[in-house]
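# Structure assessment
Each chain, written out:
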Amino acid sequence: MGKYLISNLVKKNIMKIADLYIRVSTDEQADKGYSQRDQEERLMRYCELKGYTVRNIYIEDYSAKTFNRPQWTKLIAGLRKQRNNKYTTLLLFTKWDRFSRNISQAYQTIDLLNTLRVEPQGIEQPLDLSVPENKMMLAFYLAAPEVENDRRALNVFHGMRRAKKEGRWMGTAPLGYTNQIGEDKRKFIAIHEVEGAILRWAFQQIVDNNFNTEQIWKMVRQKAAGYPRFSKNNFWVAIRNPLYCGKIFIPPFKDENGHFVRGQHEALIPEMLFNEAQQVLDGRKRVIKPKIVSMENLPLRGFLKCPQCGRMLTGSASKGKMGNYYYYYHCSGECKVRFKAENTNKVFVEQLSELIPKPGMIEVYILSVVEDFKNQTKKQDSERRQIISQLEQLNTRMQNARIQKVDGLLDDDDFQMLKQDTNAKIEKLEAELGNLSDKHKEINFLLEKGLKKLLGLDLRYVNGTVEEKREIVSSMFPENLVFDGVQHRTPRLNSAVVLIYQKNSELEGIKKGTNPFELDLSQEVTQLRLELRTHRLRVCCSTN
Ligand SMILES: [Zn+2]
């Protein structure tokens with residue numbers, strides 16, 4: 001048949017031309033009757049039966065939410081080119097949901113097709129759209145899949161909400177956690193060993209407040225090399241997420257207000273730490289904001305106060321004639337106070353090492369501090385001696401009883417009774433003794449651990465990174481330093497450091513009343529003695 005003949009037949013309505021529209025979508029492929037081959041077979045069979053001529057076949061792999069689909073656009077463009085034709089063509093698909101899932105858009109598109117003289121038809125849901133009542137049927141065909149979709153989404157939504165309320169984290173594990181499946185086949189999130197540790201470190205840094213968040217992020221980025229989930233954005237979101245202290249947020253829904261529930265996952269950090277970090281982030285606490293450029297050369301930035309006006313000194317660099325940089329701590333106020341950073345840093349290290357005894361002194365030192373402590377706990381020692389002598393008496397009594405039993409002077413029942421009674425007493429006394437010596441051991445241990453840490457502090461400072469330096473400064477000096485151009489002064493020191501310094505002066509014969517930071521030590525010491533007496537050594541000896 002020639003081309004001319006066909007168009008004549010079409011014009012006389014003897015032969016109809018049909019374009020086929022097949023839509024598949026990845027999530028529907030599995031459903032029976034929705035595969036591409038299946039749709040194509042049924043459409044072809046239908047055209048054969050009706051004697052329609054198939055012109056073009058459009059195969060779409062796209063959602064039917066809108067008509068903004070690649071193949072659909074092509075189809076409409078093709079139809080527009082033919083708009084001058086005087087005859088009507090057919091656009092065939094299996095069901096109306098292949099055409100659209102959106103009622104209002106479907107009506108508009110049907111109108112558009114009509115102006116192009118194209119009649120859309122779902123071959124398995126035939127509708128004569130010239131009959132107005134059939135539009136209701138069309139609405140039904142179009143809406144049914146959408147209703148089904150909405151219902152499915154709603155079920156998922158309620159299911160997720162219920163799970164959340166039970167404290168279960170839904171979805172991809174946040175930074176610092178991994179998705180896992182338990183023995184009961186339930187999904188849960190567990191702390192990621194590396195990511196978790198880095199985040200925990202970051203929270204601690206925020207609370208320590210020696211660096212601003214941007215600087216902490218830069219350090220985190222270095223630590224997290226090779227862990228691509230540590231993006232800047234993820235990090236900034238993470239440090240605000242209460243999930244890390246074990247809470248899950250339930251968003252508001254209908255009458256229900258948004259609220260928190262206790263999560264089933266293991267918290268990365270304690271709630272107190274998280275809350276404190278939030279306070280720092282909210283800017284309610286003193287914020288130290290040294291610029292990053294010059295950190296290496298300005299480790300004391302944010303700790304130094306202006307000796308004239310009391311403002312915090314800031315730091316900066318200026319370029320010398322040879323292209324070298326010179327660093328300064330300076331006051332931003334009117335007083336124009338300005339110190340060379342190199343000298344200021346050097347003096348600080350000198351004063352610091354005067355304050356801290358040399359490493360060789362450690363043992364001498366612990367011994368003498370323990371001696372001090374023992375003097376204060378003489379009462380305990382006498383208790384211990386008493387218990388030991390009681391134990392000796394009881395042991396002698398048992399030995400005698402055994403001899404008497406062997407000699408036939410003590411019968412079996414009496415011996416058993418005596419043994420039971422004595423053993424009970426021995427056990428009780430041994431437990432008491434254990435408690436006493438434990439306390440002693442604990443104190444020795446704490447002293448050793450705490451003091452050793454403190455004793456090497458000047459060396460650790462010199463050899464440490466900026467970060468470590470700043471940690472040492474903030475743990476030793478609860479208040480700011482004032483540099484007057486010659487030396488640093490500060491009103492208060494960590495009390496353990498004070499104790500060490502005093503011991504040191506005694507041992508090295510340094511005369512009382514002078515010390516490297518011009519402190520008034522008398523008050524500190526009274527307080528420290530008190531702490532020792534109440535056994536709260538942990539407080540003053542731990543430096544971290
Ligand atoms: Zn000033």
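Described below are features of the structure shown in this document. This is a predicted model, so every value here is computed, not measured.

Before going further, it helps to spend a moment on unusual backbone geometry. Of note in this structure, Lys185 is not a glycine but carries a positive phi near 70°. Following the sequence through the fold, Lys185 ends up in the loop between strand S5 (177-181) and strand S6 (187-191). The backbone phi angle of Asn209 is positive, close to 65°, even though this residue is not glycine.

Another aspect to go through is the nonpolar core. Within the largest apolar cluster, 36 residues are counted, with the highest numbers of intra-cluster contacts made by Leu199, Phe203, Ile216, Val220, Phe235 and Tyr244. When residues of this core are traced back to their parent elements, those giving at least two are helix H7 (193-208), helix H8 (213-223), helix H9 (232-238), strand S7 (247-250) and helix H10 (271-281). Considering each element in turn, this core owes the most residues, 7 residues, to H7. Not counting residues within four places of it along the chain, the set of residues in contact with Phe203 comprises Ala238, Ile239, Tyr244, Ile269, Leu273, Phe274, Ala277 and Gln278.

Let's shift gears to the pattern of salt bridges. Going through the model one piece at a time under the given rule, you end up with 14 salt bridges. Here Glu271 ties to Arg262 by a salt bridge, and the two come within 3.2 Å at their closest N and O atoms. Taking relative accessible area as the criterion, Glu271 reaches 32% and is therefore assigned partly exposed. One salt bridge connects Lys425 with Asp421, and the closest N-O pair in it is separated by 3.6 Å.

Looking now at the coordination of the zinc ion. Surrounding the zinc ion are the protein donor atoms Cys306 (SG), Cys309 (SG), Cys331 (SG) and Cys335 (SG), which sit 2.1 to 2.3 Å from the metal. Read in sequence order, the donor residues for the zinc ion give the motif C-x2-C-x21-C-x3-C. Of this pair, Cys306 sits in the loop between strand S9 (304-305) and strand S10 (314-319) while Cys331 sits in the loop between strand S11 (325-330) and strand S12 (338-340); the two residues are 25 residues apart in sequence, bridging distant segments of the chain. Both residues of the pair, Cys306 and Cys331, count as buried.

The rules behind the values
- Residues numbered from 1 in each chain as written.
- Predicted model: local features only at pLDDT ≥ 70, side-chain atom pairs only at ≥ 80, totals over all residues.
- Heavy atoms only, no water.
- Helix = DSSP H or I, 4+ residues; strand = E, 2+ residues; numbered from the N terminus.
- Core = buried A, V, L, I, M, F, W, Y, C linked by side-chain atoms within 4.5 Å.
- Buried < 20%, exposed > 50% of the residue type's maximum accessible area, 1.4 Å probe, protein only.
- Contact = heavy atoms within 4.5 Å.
- Salt bridge = Lys/Arg side-chain N within 4 Å of Asp/Glu carboxyl O.
- Donors = N, O, S within 2.8 Å, 3.2 Å for Na, K, Ca; no water.

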